[in-house]
Every structure is written in C-alpha cells, then in structure tokens.
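Observations on chain architecture
Residue-level listing of the chains:
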Amino acid sequence: MAIPVIVHLFNFRRHRTLLFSDVRLLKNLQQQTNKQRKIKHLLILLMRVLAVAALVIAFARPYLKSGDAPDEGLKHISVYLDNSLSMQLRADRMSVLDELRSQAGSLPSAFRMDDRFSLLSNDFLPQHQRFMSAAEFQQELQQVRPNAAGVSLGQVLQRLQMNESADNRAGRLIYLLSDFQRSALNFDQLIADSSLRLFLVQGIPARKNNISLDTCWLENPVLLPGQPIEFHVRLTNWGETIAEALPVALSVNGVQKASSTIDIEARRSTQIVLQYFPETSGYHEATISVVDDPVTFDDELYLSFEVRKALPVLEIYEKKPNTYLGLLLGDDPQVEFQTAQRLRLDVQMLDYYETIFLSGLEEINSGLERALTEFVSNGGNLVIFPSEIDNSSIAAFSAQLGILFGAQSDTTRSRVNMLQTEHPLLKGALGKVPDNAEFPWLRRWYSLEAAEGSPAQAPARLLNGKPLLLASPKEQGLVYAYAAPLESSWTNLMNNNLFVALIYRTILLSNRNASLYHLIDGPVKTPLGSYIYNDRVRLELRAQDQSVRILPELTSLGERTIAVVYPELLRPGFYGLYAGDSLLLRLAINESRKESVMDFATAEEVKRQLQEKGYKHIDILRPDARGLGEAVSDFLTGRPIHQLFVLLTLLFLLGEVLIIRFFR
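The present account deals with the structure reproduced in this document. (Residues numbered from 1 in each chain as written. Predicted model: local features only at pLDDT ≥ 70, side-chain atom pairs only at ≥ 80, totals over all residues. Heavy atoms only, no water.)

Helix and strand counts for the protein chain come out as 12 helices and 33 strands. Within the protein chain, buried positions represent 48% of all 664 residues. Summarising the internal contacts of the protein chain: among those between residues at least 6 apart in sequence, 74% fall at separations of at least 24. Element-wise, carbon and sulfur atoms account for 51% of the exposed surface of the protein chain, whose accessible area totals about 34,800 Å². (Helix = DSSP H or I, 4+ residues; strand = E, 2+ residues; numbered from the N terminus. Buried < 20%, exposed > 50% of the residue type's maximum accessible area, 1.4 Å probe, protein only. Contact = heavy atoms within 4.5 Å. Areas by Shrake-Rupley, 256 points an atom, 1.4 Å probe, with all protein chains shown as cover.)

Structure (structure tokens):
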C-alpha cells in the first residue's frame with residue numbers, strides 16, 4: 001500500500017524557471033490553481049490506493065461463507081438418484097436421468113479424499129446399503145437404469161434414515177436428485193429427523209409431452225369363438241400440444257388384428273374401440289400399442305383373456321329339474337348346461353360355473369349357503385327362483401345377499417307393466433318394445449324389496465309397482481331374485497319372449513373371467529378359484545420366455561386361495577401360473593400408470609412440505625454450467641468473490657484516468 005503513496009509524494013520531474021515581467025496580476029489565479037491541484041492529487045492518490053488494495057484482495061481469493069454451512073471435518077454423503085420412468089423425459093441435451101447422473105458424478109470433487117458416499121435409487125438394491133469410496137460411488141452411479149418401482153420420496157427418506165453411518169463423528173449430508181413428480185410426493189408415513197441436512201437438486205424436463213395408454217375394458221365380458229370382442233381403450237395426452245393422427249394397434253398372439261388413428265387434444269383423454277373376432281377357444285394374449293417418444297413405458301398395454309368353448313351353467317333343483325330351463329339351454333352349443341339335485345351336489349365344484357340357478361329349493365344348509373356366497377363373491381351370477389312349497393330357507397339366504405322375500409305369497413293377479421330398458425340386463429336385448437306388447441302375467445307371486453343399504457334394482461315391475469325380479473351386485477358377482485317360481489300355476493313368464501331375453505342376458509353378463517391385466521403398483525393378487533393347495537405340487541409363476549420363475553405366496557381370503565406376487569419380482573409381459581406342469585391361468589403384467597401424469601412440483605414446494613413434516617435443514621441447489629460439484633463446493637467453503645475485486649480494481653483505475661483527463 002505504501003508504493004502508490006511514495007510514487008505520488010515524490011515527483012521526480014525537474015522544474016524549469018520561467019521569467020515573467022510582472023506576476024502581480026497572476027497571484028490570485030495561482031492560489032486558486034494550487035488548491036485544485038491538491039484536491040486532484042488527493043483523488044488520484046485515493047484511486048491508486050483503492051486499486052492496489054482491491055488487486056491485493058482479489059489475489060487473496062476471498063469468499064462469502066453461509067452461516068448455515070456444515071462444519072468442517074469428515075463427512076458421509078448419501079445421494080438419492082431418482083430413476084423413475086418419468087426421468088426418461090429429455091432435458092436440454094439428454095434425458096433428465098442422465099443429466100442428474102452427470103451432476104451426481106461431480107459431487108466427489110467438492111469433498112475430501114477420506115469422505116464416504118452411499119447411493120440410493122428406486123431399486124433399493126442391497127449393495128446400496130453401505131458407504132463407499134468416491135471411485136466405487138462413480139461405478140455404482142453408472143449402473144443406475146430406469147425402474148418402474150412405485151417408490152415415494154417419503155419411502156426414500158425412510159430408507160436413507162435407516163442407512164446410518166458407522167462413524168458417529170462423521171457429518172451426514174443427503175442429496176436428493178429428482179424431477180419431483182407430484183405422484184411420488186407422499187410423506188404421510190414419514191417420521192422426520194431434524195438433525196439431517198437435506199439438499200434438493202431438481203432436474204427439469206425441457207418438454208413434458210407424453211401419450212399414455214391408460215386402461216382397457218370389455219363391454220361384454222363373455223368371450224366366445226366367432227363373436228366380436230370390443231376392446232375399449234382410453235388414452236391421454238399429457239402434453240401441451242395436440243397429438244394428430246396417432247396410430248393405435250391391436251396385436252393378438254403376435255399378429256396384428258386391428259389398427260386405427262386418433263387425434264387427442266392437449267391435456268385431454270379420449271377413447272377408441274378396437275374389434276377382434278376370435279376363431280378358437282383358449283387363452284389369448286393381446287398387446288395394444290401406441291407410438292410415442294421419449295416416454296415409452298406406458299405405450300403398450302398387455303392383455304390376457306380366455307375365450308370359452310361354451311359358458312358353464314348349473315341348475316340346482318330340489319326334486320326334479322325345471323323343464324323350461326332345460327328346453328331353453330339344454331341344446332344350445334354355446335351353453336354347457338348341467339343340473340344337480342341339492343342332496344347330491346358337490347359344493348366344491350361350484351366355482352367351475354359362470355351362472356347358477358336355484359330352482360325352487362326348500363332348504364339351503366350351511367355348507368351350501370357358504371359355497372354359494374363364496375361363488376357370488378368371486379364374480380359368479382346367482383339366479384334365485386322361489387319355492388312354491390316352503391320359501392323360508394330361500395328367503396333367509398337371499399336376505400344375506402341384500403334381497404328380501406315376502407313371508408307369504410300374494411294371490412292377486414297381476415302382469416308385467418314396466419321395463420327398465422336401460423338396465424344392463426335388458427339394454428339392447430329387446431329392441432324397440434311396441435306399445436301393445438303382450439307381457440307375462442302372474443297368478444301368485446312373492447313381494448320383493450331391497451334390504452336397507454342394498455343397491456338392488458328392478459329391471460321389470462308389475463302393475464302395482466312391485467318387482468318381477470330384483471338384481472343386486474354383491475362384491476364381484478350379481479344376484480337375481482324372481483318373484484315367482486317357473487311353474488305354470490304361478491306365471492306364464494316361461495312362454496314369453498321376455499323370459500328368453502332375461503335368462504340369456506343373465507348368462508352373458510357373468511364376470512368370472514380373470515382380470516384382463518395387472519399393474520405393477522402393488523402386490524399382484526390372483527384368486528385361484530377351485531384350486532386346492534397341495535404341498536406336493538409346486539405352484540409357480542413363469543414368464544412367457546421362461547426368463548422369470550417365481551414361487552408366489554399363498555394366502556386365504558375366506559374360502560378362497562389367493563396367489564400373491566410382490567412387484568419387485570415382476571416386469572411387464574405375459575406370465576403363466578402353473579401347478580406342476582398344469583396351467584391354471586394366464587396373467588398380463590403392465591407398468592403402473594402413476595407416472596404417466598407429467599405434473600411436477602417445484603423444489604420450493606418440496607422444501608415446504610418437508611419443513612411441515614419437521615425437517616429443519618433443507619437447502620435448494622441449482623447448479624450452473626460448472627456443475628453440481630462446484631455448487632456444493634461454493635456452499636461448503638463459501639462463494640468466491642475475487643471476481644468482484646478484480647472488477648473494482650478496473651473501476652478504480654478507470655476513475656484515475658477520468659480524474660486526470662477531466663478534472664480542471
């Protein structure tokens with residue numbers, strides 16, 4: 001600092017004496033000039049001193065350290081790299097996953113050589129449950145691939161809290177690198193640890209376009225050879241622009257069977273129907289696909305369904321089979337109609353049938369009652385015709401299913417007067433009903449009404465408003481109860497076209513087929529129907545290409561046996577469930593659609609939610625072009641400000657020049 005002062009005070013220029021005849025006139029001017037020169041010299045001196053001082057400080061590389069920065073010393077750093085499927089979206093130059101992977105790779109440069117690292121992804125791999133060196137951390141980082149596991153950020157934090165450092169002296173820092181998709185922000189079960197230091201690093205996709213195949217369902221669940229199958233497919237455009245002429249294709253057993261194109265408005269859903277005519281019975285495997293880039297996990301939907309040769313139907317009778325049911329269904333090649341006397345019935349075989357008729361039973365014992373209830377719960381159709389002799393047992397049983405029979409029959413003659421043609425049982429079954437249509441009459445009948453809280457409806461009613469029959473859903477199945485038995489002394493329903501429509505529609509509305517598909521968003525639970533566990537025969541779930549073989553967990557729900565497979569073991573595709581070498585059923589497994597919604601929270605929102613859960617030390621890092629490592633280094637050691645003092649040096653030198661040039 002003394003150098004500019006010395007240079008300024010010693011002026012080594014020689015003075016020349018100029019003779020002037022008379023200086024009296026210049027005396028006052030000379031006094032004023034000397035004062036200005038002194039001020040000018042002082043200002044120049046000040047600029048030089050400040051310039052040198054700023055330059056010295058710049059070479060000292062000063063920095064501003066945050067008062068909330070962690071203490072110096074050994075550190076254990078835990079890094080969560082979100083590898084969920086939404087991370088496939090592109091950022092500026094690469095996918096969000098690759099961009100955050102690159103950022104995480106620069107982290108070790110901000111720490112000491114003896115600091116330790118741990119890595120966590122949505123896979124929850126066992127090798128990630130330890131702290132490792134920086135080199136090992138870099139190797140594990142490169143192995144992270146997109147994963148469909150539905151993991152919430154709350155579960156990630158719980159896992160990180162469990163992975164405690166072996167050295168209690170080490171400071172613990174946790175870095176969360178994610179796109180913070182809203183579907184993953186679930187902190188309900190999270191127990192906060194206020195001692196942890198959290199750093200949020202958000203990857204932001206440049207574009208959020210995605211077309212998702214959301215779901216598929218069948219209008220008619222009964223599948224028979226030669227009859228059309230209509231696949232109703234719903235798609236959603238999560239992007240901000242319209243998707244035009246989007247191709248959608250249906251392939252069955254590896255062969256394309258149908259295709260179409262659709263337009264989907266931005267942020268809207270639409271439906272499309274694809275039709276297929278099965279030629280043979282048995283299991284079929286279908287794939288519905290759409291072309292969409294770059295998010296591809298929800299562009300295919302795998303479906304598995306069974307086409308039956310005929311629909312199995314059973315009549316359980318008291319003394320003799322009902323003549324009218326036999327005449328209607330006995331010779332139909334698409335109906336496998338069988339009868340069984342109540343006292344000779346094998347209740348363990350009920351699960352085989354789609355529809356069961358109870359024809360005038362006078363008694364229902366506890367074993368049959370339990371088997372029928374289980375049959376309905378599993379999705380079967382149960383049709384109840386009352387007894388003309390003693391209906392008390394039927395009435396007690398149907399009351400448990402939500403339908404109440406009157407205690408005594410009514411002998412007031414009536415006839416069917418009103419049809420609810422929009423009810424699924426009659427919708428499209430009768431065509432246009434003429435005004436003078438002849439409806440069936442009843443000489444005797446039981447009153448029917450829905451139990452309290454029951455959703456039962458009446459597709460057909462009598463003149464007095466009483467139901468001809470009630471239809472009530474019960475868990476996965478349906479229960480139908482008629483007001484009169486199929487006896488000519490009670491009614492002529494059997495001789496009317498309405499009888500044919502009601503019986504066939506009941507059979508066709510059965511829902512005993514297995515699910516079209518399952519999603520990997522939780523344990524896959526599959527009812528095994530009439531399968532009886534045998535510890536000598538191994539139950540196994542096998543992928544179609546035999547690359548995956550899983551032993552499912554077996555559990556009981558009431559009288560049912562259920563196979564449970566956990567999502568960590570599954571990947572999308574087709575599977576067969578085998579008992580030994582016997583195929584029990586086919587399954588189609590798909591990725592969860594939770595991440596299809598391209599909706600992301602900001603890092604500030606995530607910070608606020610975590611603070612509400614009790615976390616106190618949370619910082620948001622936004623890396624610049626230098627990378628995350630430099631941003632972390634700036635935070636830990638302080639932000640360099642030497643550039644500021646270099647700029648000040650130049651400003652002070654500029655000030656000196658301006659003073660010399662313009663100060664008079």
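As a further point, take the sheet that holds strand β7 (residues 229-237). Strand order in this open sheet of three strands is β6-β7-β10, and the pairing throughout is antiparallel. The open sheet has two edge strands, β6 (211-218) and β10 (268-276), and neither has a second partner. The average undirected angle you get between the axes of adjacent strands in this sheet is 25°. Pairing between β6 and β7: seven bridges, direction antiparallel. From the neighbouring strand, Ile-211 faces β7, where its bridge partner is Asn-237. (Pairing = 2+ DSSP bridges. Axes fitted to C-alpha atoms, helices over the stretch in contact; angles between N-to-C directions.)

Spatially, the nine strands line up as an open sheet ordered β14-β13-β15-β16-β23-β22-β21-β18-β19, and their pairing is mixed. One side of each edge strand has no neighbouring strand; the edge strands of this open sheet are β14 (335-341) and β19 (441-442). Pairing of strand β22 (residues 467-474) with strand β23 (residues 477-482), which is carried by six bridges, proceeds in the antiparallel orientation. When the bridges of β23 are listed, Ser-472 appears paired with Val-479.

With that settled, the discussion passes to the side chain of Asp-292. Tracing the backbone shows Asp-292 in the loop between β11 (282-290) and β12 (300-307). In this structure Asp-292 comes out as buried when scored by relative accessible area, which is 14%. Of the polar contacts made by the side chain of Asp-292, one reaches the backbone nitrogen of Ile-211; its length is 2.9 Å. Those residues in contact with Asp-292 that sit more than four places away from it in its chain are Asn-210, Ile-211 and Asp-299. (Polar contact = N/O pair within 3.5 Å; in protein donor to acceptor, adjacent residues only side chain to side chain.)

Next up on the list: the nonpolar core. The biggest cluster of nonpolar side chains holds 67 residues, and the ones touching the most others in it are Ile-356, Leu-358, Leu-468 and Ile-503. Counting residues in hydrophobic clusters, the runner-up holds 32 residues, among them Phe-231, Leu-235, Leu-301 and Leu-303. (Core = buried A, V, L, I, M, F, W, Y, C linked by side-chain atoms within 4.5 Å.)

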